[in-house]
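Listed here are the chains, written in short residue letters.
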Amino acid sequence: MNTRLHAVTDQNGRPLSFFMTAGQISDYTGAAALLDSLPAAQWMLGDRGYDADWFRDALEERGIKPCIPGRSSRGKPVKYDKRKYKRRNRIEIMFGRLKDWRRVATRYDRSPTVFFSAVCLAATVSFWL
């Protein structure tokens, strides 16, 4: 059983919302699901999996500048601020802190609902208490 966890964080790397998909599902599904839960921001960091024209347009409609590098298969390269993109390590640190919980790191729970609950509990205890 494979899952992929999509997250929206604040500027300090604290998680604000999560969405879980099956492992073989595209990142576009997670992007579409979390689009409504995005807070007001000047710019958004995302990895290459979220590089889609419709997603970039949706962000710009909300007044958010996307800082997402283009996929290698994209015909015309997309410009992004490489200096800002280096701050994406805060997101990776957040996922690392979640994986400090053995139950989350090893996907100990078979039920997706129970696993998602464990992720939410780990996020609450690790970041907000």
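The shown structure was predicted, so the numbers you read here are calculated from the model rather than taken from an experiment.

**Q** I would appreciate a short explanation of the overall build of the protein chain in the present structure.
**A** Scanning the protein chain from terminus to terminus reveals six helices and four strands. Helices and strands appear in the protein chain in the N-to-C order β-β-α-β-α-β-α-α-α-α. Its C-alpha atoms give the protein chain a radius of gyration of 15 Å, within 12% of the compact-globule value 14 Å for 129 residues. Dimensions of the protein chain along its principal axes, counting C-alpha atoms only, are 40 × 30 × 25 Å. Counting over 129 residues, the protein chain shows a buried share of 39%. Carbon and sulfur atoms form 51% of the exposed surface of the protein chain, whose accessible area is close to 8300 Å². Averaged over its 23 positive side-chain charges, the protein chain has a centre that lies 6 Å from the centre of its 13 negative ones.

**Q** In this structure, what is going on with unusual backbone geometry? I would like to understand it.
**A** Backbone geometry follows two general trends: most residues other than glycine have a negative phi, and most peptide bonds adopt the trans configuration. With a phi angle near 55°, R107 is a residue other than glycine that sits in the positive phi range. Within the secondary structure, R107 sits in the loop between α5 (102-105) and α6 (112-128).

**Q** What exactly am I supposed to notice about the pairing of strand β1 (residues 3-9) here?
**A** Along any regular strand, the residues point their side chains to alternate faces of the sheet. In the sheet, β1 pairs with strand β2 (residues 15-22) via seven bridges, with the strands oriented antiparallel. From the neighbouring strand, H6 faces β2, where its bridge partner is F19. Count of turn residues in the β1/β2 antiparallel hairpin: five residues, of which G13 carries a positive phi of about 85°.

**Q** Would you explain the nonpolar core in this entry?
**A** Inside soluble globular proteins, nonpolar side chains tend to come together where they are buried. Judged by nonpolar contacts, the single largest core of 13 residues is most densely connected at L35, L38, M44, F55, L59 and I68. Mapped by element, the contributors of at least two residues to this core are α1 (27-34) and α2 (53-61). Among the elements that take part in this core, α2 stands out by supplying three residues, more than any other. Setting aside anything within four residues of it in sequence, one finds F55 in contact with A31, L35, M44, Y50 and I68. M94, V104, V119 and A123 belong to the second largest nonpolar core, which has twelve residues in total.

**Q** Would you take a moment to explain α6 for this structure?
**A** Since the α-helix advances by 3.6 residues per turn, residues separated by three or four positions end up pointing in the same direction. Over its 17 residues, α6 extends 23 Å from the first C-alpha to the last, a length consistent with the 24 Å expected when each residue adds 1.5 Å. Those residues of α6 not exposed but buried are F115, A118, V119, A122, A123, S126 and F127. The buried side chains of α6 occupy one side of the element, clustering within an arc of 135° when seen end-on.

**Q** What should I look at first to understand the environment of L98 in this one?
**A** Along the chain, L98 falls in helix α4 (residues 89-98). The exposure class of L98 is buried, given its relative accessible area of 1%. Sequence separation between L98 and H6 is 92 residues; the distance between their C-alpha atoms is 13 Å. Dropping the residues within four chain positions of it, L98 is found in contact with L5, F18, V104, V119, A122, A123 and F127.

What counts as what
Here the residue numbering is sequential within each chain, running from 1 through the sequence in written order. In keeping with the model being predicted, local features are shown solely for residues with a pLDDT of at least 70 and side-chain atom pairs are shown and tallied solely at 80 or more, while totals for entire chains, interfaces and linings include all residues. Excluding hydrogens and water, the side-chain values take into account all heavy atoms of the structure. Helix and strand assignments follow DSSP, with helices taken as H or I runs no shorter than four residues and strands as E runs no shorter than two, numbered in order from the N terminus. Radius of gyration means the value over C-alpha atoms here, while the globule rule gives 2.2 Å times the residue count to the 0.38 power. Each residue is assigned to one of three classes by its accessible area relative to the maximum for its type, calculated with a 1.4 Å probe on protein chains only: buried under 20%, partly exposed between the two thresholds, exposed over 50%. Here the accessible surface of atoms and residues is derived via Shrake-Rupley with a 1.4 Å probe, and residues count as covered only by protein chains that are part of the display. Positive: Lys, Arg. Negative: Asp, Glu. His and the chain ends are not part of the count. One atom stands in for each charge, and that atom is NZ of Lys, CZ of Arg, CG of Asp or CD of Glu. Strand pairing follows a simple DSSP-based rule, namely that at least 2 bridges must link the two strands. Throughout, nonpolar core names a set of buried Ala, Val, Leu, Ile, Met, Phe, Trp, Tyr and Cys residues whose side chains join them through atoms within 4.5 Å. Residue contacts are defined here by distance: any two heavy atoms, one from each residue, within 4.5 Å place the two residues in contact. Here the expected span of a helix is defined as 1.5 Å times the quantity of residues minus one. In this context, the arc is that of the directions from the helix axis out to the C-beta atoms.

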